[in-house]
Amino acid sequence: MDTKVLQGALVEVPTGTVTGVDRRAFGEFVGPQGELASYAFGWTTGSDPHVARLSVGIGAGNPGGGTFHAVVFEHEDGHAFSLTDDPFERVPEGGPDLTADEARAHEDLPFIWWVADQVMQRDRRAWWMRHWLLRTTCIQTREIFERSEPILLVQHDADDGMWQLIGASDADSATGKIGHLHHAIDEDQTLIDTLDLPAGGSATRTGIGRPWNRHC
């Protein structure tokens, strides 16, 4: 059996601020030997510093079962996890909430970190969260920045790793704008489908709601 990360619900709740949205994504994990876990991760737009949350649960109703909670934060050129006492979410496979010390002493902690890594690699919502954590910048045409055109081309440059967002109008370096990639995804969540483009790859579509065609 292959490892599976099964995306579940995405819950978005306004925080009451102008730009604040609390996002929580849920899912299930199935390991190659049938190991089960459920997870939730989330972040709040407009918050600073950028720190996300993660819960992974195993062994519901069984001795040794529990829910592990962690924060996710920027570290060097990527992200890192740190166990926390503060519960984030209840998940179906989880048992009692574990403190950080209880989680560190748990024999299944290496499995939990493996699940966490697999979720960050395979759940598309986690890619979105990671760009929020890292404040990934992108170059946008003026029309995209002003939201007068839809994004029709996403390009991940090979030389410097920069992301470019282009609409129907030709790109003009004189009028291009620098923005954050996660803000563009906030406005058009279909961009999630392009976030695994390798450096040098691109994706195009003919209009909003149309499928992305990848060029890697």
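Before reading on, note that the structure itself is shown above.
Cut-off values and rules
- Residues numbered from 1 in each chain as written.
- Predicted model: local features only at pLDDT ≥ 70, side-chain atom pairs only at ≥ 80, totals over all residues.
- Heavy atoms only, no water.
- Phe/Tyr/Trp six-rings, centres within 6.5 Å; stacked < 30°, edge-to-face > 60°.
- Buried < 20%, exposed > 50% of the residue type's maximum accessible area, 1.4 Å probe, protein only.
- Pairing = 2+ DSSP bridges.
- Helix = DSSP H or I, 4+ residues; strand = E, 2+ residues; numbered from the N terminus.
- Axes fitted to C-alpha atoms, helices over the stretch in contact; angles between N-to-C directions.
- Contact = heavy atoms within 4.5 Å.
- Core = buried A, V, L, I, M, F, W, Y, C linked by side-chain atoms within 4.5 Å.
- Salt bridge = Lys/Arg side-chain N within 4 Å of Asp/Glu carboxyl O.
- Expected span 1.5 Å × (residues − 1).
- Parallel < 35°, antiparallel > 145°, perpendicular 65-115°, else oblique.
- Nonpolar A, V, L, I, M, F, W, Y, C, P; charged D, E, K, R; others polar.
- Polar contact = N/O pair within 3.5 Å; in protein donor to acceptor, adjacent residues only side chain to side chain.

Can you lay out the packing of aromatic side chains for me, pointing to particular residues and giving the numbers?
Taken as a whole and assessed by the stated rule, the structure comprises six aromatic pairs. Taking the centre distance of 6.2 Å and the plane angle of 5° together, the rings of Tyr-39 and Phe-41 count as stacked. On the basis of relative accessibility, which here comes to 1%, the residue Tyr-39 falls in the buried class. Of the residues examined, Phe-41 reaches a relative accessible area of 1% and is grouped as buried. Chaining the aromatic ring pairs together yields one cluster made of Phe-29, Phe-111 and Trp-114.

Go over the sheet that holds strand β5 (residues 66-75), please, and point to the residues and values.
Ordered in space as β1-β2-β3-β4-β5-β6, the six strands form an open sheet in which the pairing is antiparallel. Pairing within the sheet leaves two strands with one partner each, and these edge strands are β1 (4-14) and β6 (78-83). Neighbour-to-neighbour, the strand axes of the sheet open up by a mean angle of 20°, direction not taken into account. Across eight bridges, strand β4 (residues 51-58) lies against β5 in antiparallel orientation. The residue bridging Gly-57 from the neighbouring strand is Thr-67, located in β5. Against the sheet, helix α2 (residues 109-122) touches β1, β2 (21-30), β3 (36-44), β4, β5 and β6, its axis set at about 145° to β6.

Which residues make up the nonpolar core, and what are the values?
Counting 45 residues, the largest nonpolar core has Phe-41, Ile-151, Val-154 and Leu-165 as the members making the most contacts within it. If sequence neighbours within four positions are ignored, Phe-41 has contacts with Arg-23, Arg-24, Ala-25, Arg-53, Leu-54, Phe-88, Val-119, Asp-123, Arg-125, Ala-126 and Met-129.

Just give me the short version of the pattern of salt bridges, but keep the residues and values in it.
Pairs can form between side chains of opposite charge once their charged atoms are near each other. In total, this model carries 14 salt bridges according to the counting rule given. The salt bridge partner of Arg-23 is Glu-12, with a shortest N-O separation of 2.5 Å. Note that Arg-23 is positioned in strand β2 and Glu-12 in strand β1, a separation of 11 residues in sequence. According to the relative accessible area criterion, Glu-12 is partly exposed, its value standing at 35%. Overlapping salt bridges bring together Glu-12, Arg-23 and Asp-186 as one network.

Give me the lowdown on α2, citing residues and values where you can.
Counted at 1.5 Å a residue, the expected span for α2 with its 14 residues is 20 Å, and the 20 Å between its end C-alpha atoms agrees. What α2 keeps buried is the set Leu-109, Phe-111, Ile-112, Val-115, Ala-116, Gln-118, Val-119 and Met-120.

I'd love a proper account of the pairing of β4, names of residues and values included.
Across the eight residues that make up β4, a large majority, seven, are buried. Where β3 and β4 come together, five bridges link them in antiparallel fashion. Counted as the bridge partner of Ser-38 is Gly-57 from β4. Where β3 folds back onto β4 in an antiparallel hairpin, the turn is made up of six residues, including Gly-46, whose phi is positive at roughly 85°.

Could you give me a rundown of the packing of α2 against helix α3 (residues 124-134), with the residues and numbers involved?
Running from N to C, α2 and α3 cross one another at 85°; their axes reach a closest spacing of 5 Å. Taken together, the axes of α2 and α3 lie roughly perpendicular to each other. When α2 is examined against α3, the residues Val-119, Met-120, Gln-121 and Arg-122 are found in contact with a partner set consisting of Arg-124, Ala-126, Trp-127, Met-129 and Arg-130. The residue inventory of the contact of α2 with α3, partitioned by class, reads five nonpolar, one polar and three charged.

I'd like a description of the environment of Ser-55, backed by residues and values.
Here Ser-55 lies in strand β4. Spatially, the C-alpha atoms of Ser-55 and Thr-67 are 6.6 Å apart, while their sequence positions differ by 12 residues. Those residues in contact with Ser-55 that sit more than four places away from it in its chain are Ser-38, Tyr-39, Ala-40, Thr-67, Phe-68, His-69, Phe-88 and Glu-89. Within the structure, Ser-55 has its side chain in polar contact with the side chain of His-69 (distance 2.7 Å).

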